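Residue-level structural notes
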Amino acid sequence: MIVKCLLPTDKILEFDMNGQINPTIYNLKSFVYEKEKIPIDMQIIELDNKKLSQKHDKLKLKKFKVIESTKVRILYDLDGSCCECDLCGFGGGECICQIL
(Lines give C-alpha, C1' and ligand atoms only; values in the text may rest on other atoms or scores of the structure.)
Protein backbone atom coordinates (compact mmCIF):
# COMPACT_ATOMS: atom_id res chain seq x y z
CA MET A 1 0.00 0.00 0.00
CA ILE A 2 1.23 3.49 -0.86
CA VAL A 3 0.39 6.37 1.47
CA LYS A 4 0.57 9.88 0.02
CA CYS A 5 1.92 12.59 2.31
CA LEU A 6 1.33 16.26 1.59
CA LEU A 7 4.16 18.61 2.59
CA PRO A 8 3.68 22.30 3.49
CA THR A 9 5.17 23.14 0.08
CA ASP A 10 2.28 21.22 -1.58
CA LYS A 11 4.74 18.55 -2.72
CA ILE A 12 3.42 14.99 -2.36
CA LEU A 13 5.65 12.15 -1.15
CA GLU A 14 4.62 8.54 -1.63
CA PHE A 15 5.45 6.27 1.31
CA ASP A 16 5.47 2.61 0.22
CA MET A 17 4.32 0.54 3.19
CA ASN A 18 4.52 -2.77 1.33
CA GLY A 19 8.09 -3.56 2.40
CA GLN A 20 7.48 -2.41 5.99
CA ILE A 21 6.56 -4.70 8.86
CA ASN A 22 4.12 -2.78 11.06
CA PRO A 23 5.37 0.73 10.16
CA THR A 24 5.14 3.39 12.84
CA ILE A 25 4.63 7.14 12.80
CA TYR A 26 8.39 7.39 13.41
CA ASN A 27 9.04 5.30 10.27
CA LEU A 28 6.93 7.75 8.30
CA LYS A 29 8.88 10.69 9.73
CA SER A 30 12.17 8.93 8.93
CA PHE A 31 11.01 8.50 5.33
CA VAL A 32 10.23 12.23 5.10
CA TYR A 33 13.67 13.00 6.55
CA GLU A 34 15.39 10.74 3.99
CA LYS A 35 13.57 12.42 1.10
CA GLU A 36 13.33 16.07 2.22
CA LYS A 37 15.90 16.43 5.06
CA ILE A 38 13.25 17.84 7.42
CA PRO A 39 14.48 16.93 10.94
CA ILE A 40 12.28 14.29 12.55
CA ASP A 41 11.73 16.32 15.70
CA MET A 42 10.53 19.27 13.59
CA GLN A 43 7.78 17.24 11.86
CA ILE A 44 4.17 17.04 12.94
CA ILE A 45 2.05 14.34 11.33
CA GLU A 46 -1.59 15.17 10.70
CA LEU A 47 -4.00 12.32 9.93
CA ASP A 48 -7.50 13.24 8.78
CA ASN A 49 -7.15 16.74 10.30
CA LYS A 50 -5.86 15.46 13.68
CA LYS A 51 -2.33 16.50 14.68
CA LEU A 52 -0.30 13.79 16.39
CA SER A 53 2.16 14.74 19.11
CA GLN A 54 5.59 13.12 19.38
CA LYS A 55 4.25 10.72 22.02
CA HIS A 56 2.52 8.90 19.12
CA ASP A 57 5.78 8.27 17.21
CA LYS A 58 6.14 4.66 18.42
CA LEU A 59 2.58 3.72 17.53
CA LYS A 60 1.82 1.69 14.43
CA LEU A 61 0.12 3.30 11.44
CA LYS A 62 -2.48 0.53 11.47
CA LYS A 63 -3.62 1.76 14.92
CA PHE A 64 -4.74 4.94 13.15
CA LYS A 65 -6.39 2.90 10.36
CA VAL A 66 -4.14 4.44 7.71
CA ILE A 67 -5.16 3.31 4.23
CA GLU A 68 -4.36 4.67 0.77
CA SER A 69 -7.12 7.26 0.95
CA THR A 70 -6.09 8.58 4.39
CA LYS A 71 -5.20 12.27 4.32
CA VAL A 72 -1.65 12.50 5.68
CA ARG A 73 -0.07 15.94 6.00
CA ILE A 74 3.41 16.76 7.19
CA LEU A 75 3.58 20.03 9.10
CA TYR A 76 6.57 21.91 10.46
CA ASP A 77 6.97 22.50 14.18
CA LEU A 78 7.77 26.22 14.25
CA ASP A 79 9.14 26.16 17.79
CA GLY A 80 12.71 27.45 17.54
CA SER A 81 14.52 29.65 15.10
CA CYS A 82 17.24 29.74 12.49
CA CYS A 83 19.33 32.53 11.06
CA GLU A 84 16.41 34.77 10.05
CA CYS A 85 13.31 32.88 8.96
CA ASP A 86 12.27 31.15 12.25
CA LEU A 87 11.35 27.87 10.53
CA CYS A 88 14.01 25.22 10.95
CA GLY A 89 15.32 25.83 14.49
CA PHE A 90 18.97 25.36 13.57
CA GLY A 91 20.38 28.85 14.19
CA GLY A 92 23.99 29.91 13.68
CA GLY A 93 23.57 30.37 9.92
CA GLU A 94 22.83 26.67 9.30
CA CYS A 95 19.31 27.23 8.01
CA ILE A 96 17.96 24.24 6.10
CA CYS A 97 14.44 25.45 5.37
CA GLN A 98 15.39 26.81 1.92
CA ILE A 99 12.78 29.55 2.06
CA LEU A 100 15.18 32.50 2.03
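Structure: see above.
Structure report, in brief. (Residues numbered from 1 in each chain as written. Predicted model: local features only at pLDDT ≥ 70, side-chain atom pairs only at ≥ 80, totals over all residues. Heavy atoms only, no water.)

**A word on unusual backbone geometry**
- With a phi angle near 70°, aspartate 10 is a residue other than glycine that sits in the positive phi range.
- Along the chain, aspartate 10 falls in the loop between strand 1 (2-6) and strand 2 (12-16).
- The backbone of aspartate 48 shows a phi angle near 45°, a positive value even though the residue is not glycine.
- Turning to its location among the elements, aspartate 48 is positioned in the loop between strand 3 (43-47) and strand 4 (50-52). (Helix = DSSP H or I, 4+ residues; strand = E, 2+ residues; numbered from the N terminus.)

**Notes on helix 1 (residues 25-36)**
- Here helix 1 spans 16 Å end to end across 12 residues, near enough to the 16 Å set by a 1.5 Å rise per residue.
- In this structure, the buried residues of helix 1 make contact with strand 1, strand 2, strand 3, strand 4 and strand 5 (72-76).
- Residue threonine 24 occupies the N-cap position of helix 1, its side-chain oxygen lying 3.3 Å from the main-chain nitrogen of tyrosine 26.
- Positioned one or two residues after helix 1, lysine 37 has a phi angle of 60°, which is positive. (Expected span 1.5 Å × (residues − 1). Contact = heavy atoms within 4.5 Å. Polar contact = N/O pair within 3.5 Å; in protein donor to acceptor, adjacent residues only side chain to side chain.)

**Section: the nonpolar core**
- Of all hydrophobic cores here, the largest spans 18 residues; its most connected members are Leu28, Val32, Ile45, Leu47, Leu61, Val72 and Ile74.
- Mapped by element, the contributors of at least two residues to this core are strand 1, strand 2, helix 1, strand 3 and strand 5.
- Looking at which element gives the most residues to this core, the answer is helix 1, with 4 residues.
- Ignoring any residue separated from it by four or fewer positions in sequence, one finds valine 72 in contact with Val3, Lys4, Cys5, Leu6, Leu28, Ile45, Glu46 and Leu47. (Core = buried A, V, L, I, M, F, W, Y, C linked by side-chain atoms within 4.5 Å. Buried < 20%, exposed > 50% of the residue type's maximum accessible area, 1.4 Å probe, protein only.)

**Comments concerning the pattern of salt bridges**
- Tallied over the entire structure, the rule returns 4 salt bridges.
- The residue aspartate 57 makes a salt bridge to lysine 29 at a minimum N-O spacing of 2.9 Å. Of this pair, aspartate 57 sits in the loop between strand 4 and strand 5 while lysine 29 sits in helix 1, and the two are 28 residues apart along the sequence. In this structure, aspartate 57 and lysine 29 share a single accessibility class: buried.
- Salt-bridge contacts for arginine 73 lead to glutamate 46; the nearest nitrogen and oxygen are separated by 3.1 Å. Taken together, the positions of arginine 73 in strand 5 and glutamate 46 in strand 3 put the pair 27 residues apart, joining distant regions of the chain. (Salt bridge = Lys/Arg side-chain N within 4 Å of Asp/Glu carboxyl O.)

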